[in-house]
Amino acid sequence: MMSQDFDRGLFRPHSFMSSNMNGWEAVEPRKGKAGGKVLRWHKLRSITKSHGVEILAVQEHHFRQKEGEGHPEAMQRLENAMSRFKWIDWDMTATLADTPRSGVATFWKKDKFKYVTHHQLDQRVLITILQDDDGAKWTILNAHFHNDAGPRKQQWEKIVSEMPKLKQGHLVILADHNSVLDPALDQHPAAEVEPSHKVKSREREQAAYMELQI
C-alpha cells in the first residue's frame with residue numbers, strides 16, 4: 001500500500017527505524033582505536049542523525065515500575081532517562097516494561113510530525129497516531145512480540161481486532177517479531193537442513209496466522 005501511494009504521489013517519503021535496544025542504559029564496546037565503551041542510546045542518536053530518521057521505534061528499554069512506585073512516577077523516571085536523547089528535536093510515547101526484558105517507546109521528529117493520540121494495547125504493543133506537515137496521518141504500530149508462539153498469537157489477535165477501530169491514515173509496523181514464519185533465503189550451507197521440530201513449529205504457527213488472515 002505504501003509503495004503504491006508513494007508512486008501515485010499521495011505523500012512524501014519518510015524515514016523509519018526500529019531497534020531492539022536490549023536495555024536503554026546498557027553500554028557496549030566502542031569500535032575503533034579509541035576503545036572504551038559507549039551508551040547504546042548515545043550510539044542510537046548518532047545513527048538516527050546520520051541516516052535522517054524521522055520516526056524511531058524502540059523495543060526492550062527495560063524500564064519497570066519499582067516496588068512502591070506509582071505509575072506516574074515510573075513514567076517520569078523513564079522520560080527523564082530518555083530526555084537527553086530527545087533533547088529539543090524529538091517527542092515520544094512509551095509503555096513501562098511488564099518483565100525485566102520488555103517495554104517499548106516511539107519517537108518522532110517534532111519538526112516533521114504532530115502528535116494526535118496513542119493507544120496502549122498492552123505493555124508490549126503501542127499504537128501512536130501522528131500527522132505530518134503535509135496533513136497526512138500515520139498509524140505507527142510499535143510491538144515487542146513474545147518469544148513463545150502462544151502469547152505471540154494472542155498479541156496478533158488483539159492487534160487484528162483493535163486496529164480497524166484505531167487506524168488513521170497510513171499504517172507502519174515497526175516491531176521485534178521474535179518469529180520467522182518462512183525459512184531464511186540466505187542460510188549458511190551447513191544449516192540448509194532444518195531440524196524437524198523447527199519445521200513443525202513453524203508450520204503450526206503459519207496455520208495459526210492463516211486463520212487471522214495476516
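Above this note sits the structure.
Anyway, here's the lowdown on the structure attached to this text. Predicted model only: the values in this text are computed from it and were never measured.

About the criteria used
Residues numbered from 1 in each chain as written. Predicted model: local features only at pLDDT ≥ 70, side-chain atom pairs only at ≥ 80, totals over all residues. Heavy atoms only, no water. Helix = DSSP H or I, 4+ residues; strand = E, 2+ residues; numbered from the N terminus. Expected span 1.5 Å × (residues − 1). Buried < 20%, exposed > 50% of the residue type's maximum accessible area, 1.4 Å probe, protein only. Arc of directions from axis to C-beta. Contact = heavy atoms within 4.5 Å. Pairing = 2+ DSSP bridges. Axes fitted to C-alpha atoms, helices over the stretch in contact; angles between N-to-C directions. Salt bridge = Lys/Arg side-chain N within 4 Å of Asp/Glu carboxyl O.

1. Quick word on helix α2 (residues 40-51)
Thought 1: When the terminal C-alpha atoms of α2 are compared, their 16 Å separation across 12 residues agrees well with the 16 Å that a helix rising 1.5 Å per residue should span.
Thought 2: Of all the positions in α2, only W41, L44 and T48 are classed as buried. Down the axis of α2, the buried side of the element spans an arc of 55°, and every buried residue falls inside it. Structural note: α2 exposes K49 and S50 on the side pointing more than 90 degrees away from its buried face.
Thought 3: As for α2, its buried residues are in contact with β1 (16-20), β3 (37-39), β4 (55-59), α3 (71-86) and β5 (90-94).
Thought 4: Among the residues trailing α2, G52 stands out with phi positive, at a value near 65°.

2. Notes on unusual backbone geometry
Thought 1: The phi angle at E60 is positive, at roughly 60°, despite the residue not being glycine.
Thought 2: Residue classification places E60 among the buried residues on the basis of a relative accessible area of 9%.
Thought 3: Positive phi outside glycine occurs at H62, with the angle close to 75°.
Thought 4: Under the relative-accessibility criterion, H62 is labelled partly exposed at 23%.

3. Quick word on the sheet that holds β5
Thought 1: Read across the sheet, four strands follow the order β1-β4-β6-β5 without closing on themselves; strand pairing throughout is mixed. The open sheet has two edge strands, β1 and β5, and neither has a second partner. Strand-to-strand, the axes of this sheet are offset by a mean angle of 15°, without reference to chain direction.
Thought 2: As judged from the five bridges shared by β4 and strand β6 (residues 104-109), these two strands associate in the antiparallel manner.

4. Remarks on the pattern of salt bridges
Thought 1: Per the stated rule, a full pass over the model turns up eight salt bridges.
Thought 2: The residue R77 makes a salt bridge to E69 at a minimum N-O spacing of 2.8 Å.
Thought 3: In this structure R77 comes out as partly exposed when scored by relative accessible area, which is 23%.
Thought 4: E69 sits in the buried class, given a relative accessible area of 17%.
Thought 5: Here R124 makes a salt bridge to D98, at a shortest N to O gap of 3.6 Å. Of the two residues, R124 sits in the loop between β7 (113-122) and β8 (125-132) while D98 sits in the loop between β5 and β6, which places them 26 residues apart along the sequence.
Thought 6: You can call R124 buried: its relative accessible area is 8%.
Thought 7: The network of salt bridges with common partners includes E28, R40 and K43.

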